[in-house]
Amino acid sequence: QVQLVESGGGLVQPGGSLRLSCAASGSIFSINAMGWYRQAPGKQRELVATITSGGSTTYADSVKGRFTISRDNAKNTVYLQMNSLKPEDTAVYYCNADIRNLGKRGWMNYWGQGTQVTVSS
């Protein structure tokens, strides 16, 4: 079994910063792309940022220049540094990863349980 466990969410004032972490654990052979998604109340889940195993990144237009995604392959961990936070960034943030399990072929897509980020004064 594979688990993705997020941490680092919380309440922050507008203009503040937070750093999210997501650690993958379990029967992991290899991890391909990792990413962060978010879902605000009443809205669909949307892509925030992704990063490949080689370090190539993509960002939603709404977070470009403010958020930075990174990963530590040795720790099977992906991070999301969020700066200049706005109230519209309030959402549950989910970690996502494409993982090849030990002893199995192919890639499986996994989700974390989510961590709440609230931006409010």
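Report follows, based on the coordinates. (Residues numbered from 1 in each chain as written. Predicted model: local features only at pLDDT ≥ 70, side-chain atom pairs only at ≥ 80, totals over all residues. Heavy atoms only, no water.)

## Side note on the environment of L80
Mapped onto the elements, L80 comes out in strand β8 (residues 77-82). As a C-alpha pair, L80 and A23 span 57 residues in sequence and 12 Å in three-dimensional space. The contacts of L80, once residues within four sequence positions are left out, are L18, R19, L20, W36, V48, A49, F67, T68, I69 and Y93. (Helix = DSSP H or I, 4+ residues; strand = E, 2+ residues; numbered from the N terminus. Contact = heavy atoms within 4.5 Å.)

## Considering the state of the cysteines
One pass over the full model with this rule turns up 1 disulfide. The disulfide that involves C22 links it to C95, with 2.1 Å between the sulfurs. Residues C22 and C95 share a disulfide whose torsion about the S-S bond is about -80 degrees; that sign makes it left-handed. Note that C22 is positioned in strand β3 (residues 18-26) and C95 in strand β9 (residues 91-101), a separation of 73 residues in sequence. Neither C22 nor C95 differs from the other in exposure class; each is buried. (Disulfide = S-S within 2.5 Å. Buried < 20%, exposed > 50% of the residue type's maximum accessible area, 1.4 Å probe, protein only.)

## Looking at unusual backbone geometry
A positive phi angle is found at N76, which is not glycine, with a value near 50 degrees. Along the chain, the position of N76 falls in the loop between β7 (67-72) and β8. Look at S84: it is not a glycine, yet its phi comes out positive at around 50 degrees. Looking at the secondary structure, you find S84 in the loop between β8 and β9.

## Details of the packing of aromatic side chains
For the structure shown, the criterion picks out 2 aromatic pairs. Between Y94 and W111, the aromatic rings sit 6.5 Å apart at their centres with planes inclined by 85 degrees, giving edge-to-face as the arrangement. Placement of Y94 in strand β9 and of W111 in strand β10 (residues 108-111) is noted, with a sequence separation of 17 residues between them. Among the residues examined, Y94 registers a relative accessible area of 14% and is labelled buried. W111 gets classed as partly exposed once you look at its relative accessible area, which sits at 38%. Aromatic ring contacts, followed pair by pair, group Y37, Y94 and W111 into a single cluster. (Phe/Tyr/Trp six-rings, centres within 6.5 Å; stacked < 30°, edge-to-face > 60°.)

## Observations concerning the sheet that holds β8
Across the sheet, which stays open at both edges, the 4 strands sit in the order β1-β3-β8-β7 with antiparallel pairing between neighbours. The sheet terminates laterally at β1 (2-7) and β7, the two strands that pair on one side only. Neighbour-to-neighbour, the strand axes of this sheet turn through a mean angle of 15 degrees, independent of strand direction. When β1 meets β3, the two strands line up antiparallel, connected through 6 bridges. In the sheet register, L4 faces β3, and the bridge partner there is A24. (Pairing = 2+ DSSP bridges. Axes fitted to C-alpha atoms, helices over the stretch in contact; angles between N-to-C directions.)

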